[in-house]
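# Structural description and commentary
The chain contents come next:
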Amino acid sequence: MARLNIGADDLVDNPTPRVPVSLCLDTSSSMSGPPIQELVRGVNLFYDAIDEDDDAHDSAEINIVEFNSSTGLVHDFASIERLRRISALTASGTTAMGAGVNLALDTLENRKATYSGSGVLYYQPWLVLMTDGAPTDNIDSAVRRVVDLVEAKKLTVFPIGIGGGADMKTLARFSPNRPPLRLDGLKFKEFFEWLSRSVARVSRSTPGDTVKLDLEGLAGWAEL
Amino acid sequence: MLNALEYQLIDPVEFLQPNRRLFIDTNVFMDTDARRAGGLKRLFERGQSAIIANGNPVVVPTKVVGELTKQSRIHPSGETMERAEAIKKAGATLTFLESASKAGLVRKDLGDDTNPYADDLFLKLFERFAGTYEMCLLTHDITIKLRIRLLAHRLAKRLLVGVLTKDGDLEVESDESLFERGFRKYKRHATCIAEGSGSFKDESEVAVLKPLLDDFGKAFGLKEPATNLGPRAVKSPSSPEPRRSAVASTPTNSFSAQARLKPSDTPVAFSALPKQGDHVTWASADRSGSLVLGALLGEGGEGTVYDADLSTVVKIFDKDHLTRHRKEKIELLVDRNLRAKGLCIPSAVVRNGNGEFVGYVMPKASGREFQRTVFNKRKFEREFPSWKKADLVDICISFLEKVQYLHSMNVILGDINPKNLMVDEKKNVFIIDADSWQLEGYPCPVGTPMFASPAMLGKTYSDVLRTMEDELFAVATMLFMIVMTGQFPYIRTGTDGDMVQLIKEGNFAFQYENRNNKDQPDGDWKYMWSHIHKPVKDLFWHTFHREGKHYKKRPTAAEWLEAFKAYKSYLGNKRMNFDPMSNDVYPIRNKAFKQDTPIRDCPTCGRQNAIAGIWIDDTQEHSLPRQCNKCRDQQPGRAAAAPTITVPCRDCSRPFPKSQLKYGRCPSCAQKHDERQARANTLDPSRLCVRCQKPFITYGNVEWHQRNGRSVPTTHRAGSGGRYPAGCVPTLPRTPRTGPTASTTKPSAQTQVGFWARLRKWFTGN
C-alpha cells in the first residue's frame, strides 16, 4: 500500500500539466518474429527519449494496451520515472482491435478523472494505435468514440499501419482529421523518436494551446 | 539592488521589526524643510502598531535628548527669528519625546555621555551592534552618513542612513549620490578656507571629510565627481510629490506612457545571417566596434544566442523574426543606454557584414530558468537543496525590484513566464527576452496562456497593447508560482484541464478565512498555502478570487514589494514567526494556530516539527495527533482514502472522523442533543402563569434562569413590541419607555420621570 501511496504523492507533488499517452498495440500472431521485437525495442527507446527530455520527463504519462484475441493492460499509467522498460510482448491470436481501442479509451477517461479529482492540470490525451492487419471484431463503437472525441478536441490520435498488410482503410476510420501513417518497413525507432519529440513539444506548450505537429519530421519513416 | 537608482524608499515598519533598530539624530527634529514637513508625525503614525507589537521603540539616544535640552534652554530674547524658532522647536520636541516615551513609542534612555559628540556615539553603537541588528539612522548630516555607509560596507552588514519623506518613508540615497553630496560639502568648506574666511569648523570638517571621501571612493569604486558641480546636480529625491512606493523615482529617460499601437510588424530585408565564428559589427549608444560570434549557447523560438565575451552574449534573430518592430525596439533600448543588474537589456545593435540589422548584444545571464529550478519539486531539490522559504521570498523581491524598475520606465514585460526568468545559486534573478518587451507602442508579440489575464485571453498578442492590469496579472501569477514552487493559482479539483476556462472563472480554490475549501488540490499544496504570511495571502486571494477587492485593480509591483519585504522580515522574526515549519519550502501540515500551540517531532518517522496541536474549543486544550500527516497517510487501509482527521466528540469525548461529526458531536450524542433541544423548546406544563393559569414557560427557559441563579418568572412577560399574549394582559399597563405606543396609553400617576427631566431638575433645583 505504501508503494501505491508514493505513486499518488508523485502524481500530486508535480505541478507540471500531464500528457497521458496510451499505446494501443496489435500483438496478434502476425506480429510474431522481427515485428514484435522491433516494436518492443521501439517502445523502450520511446521511454528513454522521454526520460531524457527535461520537459517531457515531468509531463508524459504512458500506458500500454495490447490486443490479440482479447485485450489487456500491459501496464497502467505512470510517470516515466516509475516505468520499467518492457522485456517482451507475446504475439498470438486474432486482432480484437475494437476491444483494444475501447479499453485504451477507458483507461484514458479514468486517468483524466484521476487528474481532475486530485487537482492536476493536463493536456488532452494521445492515442497511438498500431496494427499490421485488419480487425477481427466489431470496431463501430470504438470508431464512434474516437471520432467524437477528436472532433470535440479531446483526443489526438495517431493510427499507424505496420507493413504492407495493414488495413489502411480501417485505420482511416479512426482518424477524421488526418490520414493514417504507414510505417516504412520496420522503422519503429524513427517513429518513436518522432513521437517523443512531439510529446516534448506539447509539454513545452500550455494546455489549451494548439500545438503544431512536426509533420516534416515524418519524412523518412512513413508514407502518408 | 538596481544601480540606476539614486535612492530608495523604505517602509519605516521594516525597521521596527524586532531584529532591527531605528535611530533619530537631533537635526531631524530640528529640520524646517517644508518638503519633509509632517514626516515625523507620519513615521510614528505608520509605525505605531509595529512598535507596540514588537516592543521595539524608535531610539533617540540620551546624547540627542541632551542636545535638544541644551537648545531649548537658551533664552530666545535677543536671538534672531530663526534661532528663536529653533529654540521653540527643541522645546516642543522634548515635550513630544516625553509623551512618546510614556506611550512606549520612543526610547530615550540609551547611550552614555562619555562621547562628546552624538556622531561618534552613533558610529560606536552601529559598530557594536552590527552583528545583532540591522540598523537605520535618520540624519541630515552628510559626514555621519558617509561614515556609517562606509562602516556598513566594511562589516558587510545592513546599516542604513537616511532621511524622512513627508510621508514618513525612510529615504536612503545611493552610494554615488552620497559621495557626490559629501564632495560638495567638502568643496564648500575647502573654498572657505582657500578664500581666507575659514573657521575652525571648516578646518575640522575638511580634516574629517578629506580622508573619509578618499576611503569612500575607493570602497565603492567611485571617482571624484566632475569639478563644476551645480548647486544641486543630483535632483533632490524629496521632490514636492513623493511617490508612495518602496523604491525608485521616475527615471528621467523613461519611455512614453501613452504611446499608440504601432502599425503591424513587417519583415526587414537581410542578405545573410551570421553564424558561430563570423564577424559582426556592433553599435551601442556611444561606441561601436566589431566582434566574432563565439560558441553557440542556445537556440530559442526566435533566434540563436552566441557567446561574445565574458559578460555579454549576442542574439541573432532567425529569418522569421527579423522584423521592423524588433529592430526599432532594440534601437530604442540601446539608445537609452540602460544598465541594471539582472536585466538583460540590449546594449548594442548587431549588424552583419553588409551592415544589415541581425540581432543585438546583451549582458550574459547566469543560472537556470525558473522552469528548470523553482517550478518543480524534483528539480528544485536537486538544484537548491538547502533553500528555505526565505530564499524563495528573496527571489520574489529580486524579481519585483526589476519589474518595478521597468514599469517606472514605462516598459511592460508582456510575456512573463518561467522560461524568461533565470536564477542562480546566489539568488540573483535575471530577466531575459528583452526584445519581446512592450514599449513606445511596440506590442509584445508573444505570450503564455498560464499568465494571460482574463482580458487577454483569446486575443492575438501581436495585435494589441497590453495594459498595466494585464501585466500585473502575470506578475501576481508569477509570484504565486514562485512561492508555491510551480503550482498554478487556479488549480483545483474537478477541472477538465482547460486552463483558459480556469482563468476566466476566477475561482481561486485555496482555503481563505472561513471560505469553503473543498476544491483545493490534493497533496501538500494546501499546507504550503497555509504557511504563507497572512498579508501576502490576503493580496493573493483578493487578486485571484473573482470576489476579491483587487480582482479588477491588481496590486502594483511596489505594493507586492512592500508585502514581500514584510514577509521576509516576518520570517526572520522568531517571535512572530512561531511555527518553524513556516520556514520550509514544502511543509507537511497546516500552520500552527497560535504562538502557544504545541509543536512536536513525529514519533514514528522522526520528521522535525511534523505535528502541531489542534485546538479543541470545548476542552479548551490542544489535541496532539499521534503521528504526522505523512505517517498517517501511509497507514494500511488509508492509502487510497482521503486523509481523515479524528476529533473527540464534544460531549462523550470518544474519537470520531471529522466527517461523521455534527457540530462537533458524534452521531449518538448529536441525536441526544437534538432531543434535548426539542425538550428545551417545549412549554413546561407543570408551571402555570399566575395571571392567566396557562403554561407559559419552556423547559429551556426555566433551566436558563436556574443556571444563572435568577428567580424563575411566574407570569407571561411582554414579548417583542411590549405586547402580552391575548387573555393575559396585566391590569395596570406600564408606560412603555419610548415608541409611538406612548401616545395611546393614558399617562397615569405612576409615570416615571424621564432622565432628561431629572437632569433638568438637578440643574434648576425644582
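From a predicted model like this one, the values you see are computed outputs, not experimental measurements.

## A word on the overall build of chain B
Counting its regular elements, chain B contains 20 helices and 23 strands. Each of the 766 residues in chain B was classed as buried or not, and the buried ones make up 36%. Long-range pairs, those at least 24 residues apart, make up 63% of the contacts in chain B with a sequence separation of at least 6.

## Considerations on the overall build of chain A
A count of helices and strands for chain A gives 7 helices and 7 strands. Evaluated residue by residue, chain A yields a buried proportion of 47% over its 224 residues. In chain A, of all internal contacts separated by at least 6 residues, the share reaching a separation of at least 24 is 78%.

## Focus on the sheet that holds strand β13 (residues 348-351) of chain B
All names here are of chain B. In space, the 7 strands of this open sheet follow the order β9-β8-β13-β14-β12-β11-β10, with antiparallel pairing throughout. Strand pairing shows two members of the sheet lacking a second neighbour, β9 (288-292) and β10 (296-299), which therefore form its edges. In this sheet, adjacent strand axes meet at a mean angle of 30 degrees when their direction is disregarded. As paired elements, strand β11 (residues 303-307) and strand β12 (residues 312-317) share 5 bridges and run antiparallel to each other. By the bridge assignment for β12, Y306 is matched with V314. Its contacts with the sheet place helix α9 (residues 324-336) against β12, β13 and β14 (357-363), and it is angled at close to 140 degrees to β13.

## Remarks on the pairing of strand β5 (residues 156-162) of chain A
Residue and element names in this part refer to chain A. Burial within β5 is extensive, with 7 of its 7 residues counted as buried. Between strand β4 (residues 126-131) and its parallel partner β5, the chain crosses via helix α5 (residues 140-151), and the hand of that crossover is right-handed. Alignment of β5 against strand β6 (residues 181-183), held across 3 bridges, turns out to be parallel. Each bridged residue has a counterpart across the sheet, and for G161 the counterpart in β6 is R182.

## Observations concerning the pairing of strand β5 (residues 134-138) of chain B
Residues and elements named next belong to chain B. Extensive coverage of β5 is indicated by the burial of 5 of its 5 residues. Burial along β5 is two-sided: E134, C136 and L138 and M135 and L137, pointing in opposite directions, are all buried. Relative to β5, strand β2 (residues 20-24) runs parallel, the two being bridged by 5 bridges. Across the sheet, residue R20 finds its bridge partner in β5, namely E134. Here β5 pairs with strand β6 (residues 159-164) via 4 bridges, running parallel. Following the sheet pairing, L138 is matched in β6 by G162. Crossover handedness for the path β5 to helix α6 (residues 142-155) to β6: right-handed.

## Examining the packing of α6(B) against helix α7 (residues 175-194) of chain B
All names here are of chain B. At a minimum axis distance of 10 Å, the contact between α6 and α7 shows a crossing angle of 135 degrees. With respect to their mutual orientation, α6 and α7 come out oblique. In the crossing of α6 with α7, the sense of the turn from one axis to the other is left-handed. Contacts between α6 and α7 pair I142, K145, L146 and R149 from the former with D175, L178, R181, G182 and K185 from the latter. A class-by-class count of the residues in the contact of α6 with α7 yields 3 nonpolar, 1 polar and 5 charged.

## A closer look at the sheet that holds strand β15 (residues 368-369) of chain B
Backbone hydrogen bonds are what pair the strands of a sheet, in a parallel or an antiparallel way. All names here are of chain B. Strands sit in the order β15-β16-β17 across an open sheet of 3 strands; the sheet is antiparallel. The sheet is open, and its two edges are formed by β15 and β17 (429-431), each paired on a single side. The strands touched by helix α11 (residues 389-408) within the sheet are β16 (421-423) and β17, with β17 carrying the most contacts at an inclination of about 35 degrees.

## Considerations on the packing of helix α5 (residues 118-129) of chain B against α6(B)
Residues and elements named next belong to chain B. Between α5 and α6, whose axes approach to 10 Å, the crossing angle comes to 15 degrees. Relative to α6, the element α5 lies roughly parallel. As α5 runs across α6, the sense of the crossing is right-handed. In contact with D119, F122, L123, F126 and E127 of α5, α6 contributes I144, R147, I148 and L151. A breakdown of the residues in the contact of α5 with α6 according to their chemical character gives 6 nonpolar, no polar and 3 charged.

## Examining the environment of A:A60
Residues and elements named next belong to chain A. Among the structural elements, A60 can be located in strand β2 (residues 60-67). Each C-alpha atom of the pair A60 and V202 lies 9.5 Å from the other, and the pair is 142 residues apart in sequence. The residues contacting A60, other than those within four sequence positions of it, are V19, V21, I50, I80, V199 and S203.

## Here's the deal with unusual backbone geometry
The phi torsion at B:N337 lies on the positive side, around 55 degrees, for a residue other than glycine. Looking at the element boundaries, B:N337 is found in the loop between α9 and β13.

## Looking at the nonpolar core
In this structure, A:V128, A:L129, B:C396 and B:V475 are the most contacted members of the largest nonpolar core, which totals 160 residues. Per-element tally for this core: the top contributor is helix α12 (residues 468-483) of chain B, with 11 residues. Taken domain by domain, the makeup of this core includes at least three residues from each of domain 3 (279-364) and domain 4 (383-425 + 440-583) of chain B. Residues in contact with A:V128, not counting those within four places in the same chain, are A:V21, A:L23, A:C24, A:F158, A:I160 and A:L195. Residues B:L43, B:L137, B:L159 and B:V172 belong to the second largest nonpolar core, which totals 42 residues.

Each value, and the rule that gives it
- Residues numbered from 1 in each chain as written.
- Chains lettered and ligands numbered in written order.
- Predicted model: local features only at pLDDT ≥ 70, side-chain atom pairs only at ≥ 80, totals over all residues.
- Helix = DSSP H or I, 4+ residues; strand = E, 2+ residues; numbered from the N terminus.
- Buried ≥ 20, exposed ≤ 12 C-beta atoms within 10 Å, placed from the backbone.
- Contact = placed C-beta atoms within 7 Å.
- Pairing = 2+ DSSP bridges.
- Axes fitted to C-alpha atoms, helices over the stretch in contact; angles between N-to-C directions.
- Right-handed = clockwise from strand over helix to strand, strands pointing away.
- Parallel < 35°, antiparallel > 145°, perpendicular 65-115°, else oblique.
- Left-handed = near helix turned anticlockwise from the far one by under 90°.
- Nonpolar A, V, L, I, M, F, W, Y, C, P; charged D, E, K, R; others polar.
- Core = buried A, V, L, I, M, F, W, Y, C linked by C-beta atoms within 7 Å.
- Domains from an automatic or database assignment.

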